[in-house]
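Commentary on secondary and tertiary structure
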Amino acid sequence: MVKINGTFHEVVGKTMMEYLSTTSYDSKRIAVERNGEIVPKGSYGTVELKKGDVIEVVSFVGGG
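The following paragraphs examine the structure supplied in this document.

So, how was this worked out
- Residues numbered from 1 in each chain as written.
- Predicted model: local features only at pLDDT ≥ 70, side-chain atom pairs only at ≥ 80, totals over all residues.
- Heavy atoms only, no water.
- Salt bridge = Lys/Arg side-chain N within 4 Å of Asp/Glu carboxyl O.
- Helix = DSSP H or I, 4+ residues; strand = E, 2+ residues; numbered from the N terminus.
- Buried < 20%, exposed > 50% of the residue type's maximum accessible area, 1.4 Å probe, protein only.
- Contact = heavy atoms within 4.5 Å.
- Pairing = 2+ DSSP bridges.
- Axes fitted to C-alpha atoms, helices over the stretch in contact; angles between N-to-C directions.

1. So, the pattern of salt bridges
- This model, assessed by the stated rule, comprises one salt bridge.
- In this structure, arginine 34 and aspartate 53 form a salt bridge, with 3.0 Å as the shortest nitrogen-oxygen distance. Of this pair, arginine 34 sits in strand E3 (residues 30–34) while aspartate 53 is found in the loop between strand E4 (37–39) and strand E5 (54–59), placing the two residues 19 residues apart along the sequence.

Written out as structure tokens, the structure is:
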């Protein structure tokens with residue numbers, strides 16, 4: 001199991017990109033942290049989610 005934004009998901013073995021493609025996140029407006037470290041956007045297709053990973057996906061919103 002992988003903990004993503006506080007909820008456990010069965011995504012072990014998927015890449016970050018594969019996981020994100022199943023969500024409504026706009027990949028241009030997010031940052032991803034894996035086990036306390038920022039994941040570069042260019043690595044989303046190669047970073048494989050592993051058992052015990054803790055992922056935080058943060059969306060950026062405009063406003064003023």
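2. Quick notes on the environment of valine 32
- Counting through the fold element by element, valine 32 comes out in strand E3.
- When its relative accessible area of 1% is taken as the criterion, valine 32 is described as buried.
- What valine 32 contacts, discounting residues up to four positions off in sequence, is Met16, Leu20, Glu37, Ile38, Val39, Tyr44, Ile55, Glu56 and Val57.

3. Quick look at the sheet that holds strand E2 (residues 7–9)
- Reading across the sheet, the five strands line up as E2-E1-E5-E3-E4 and stay open at both edges, with mixed pairing between neighbours. On the outer flanks of this sheet lie E2 and E4, each paired with one strand and no other. Ignoring strand direction, the axes of neighbouring strands in this sheet form an average angle of 35°.
- Taken together, the three bridges between strand E1 (residues 2–4) and E2 define a ladder with antiparallel strand orientation. The residue of E2 that forms the bridge with valine 2 is histidine 9.

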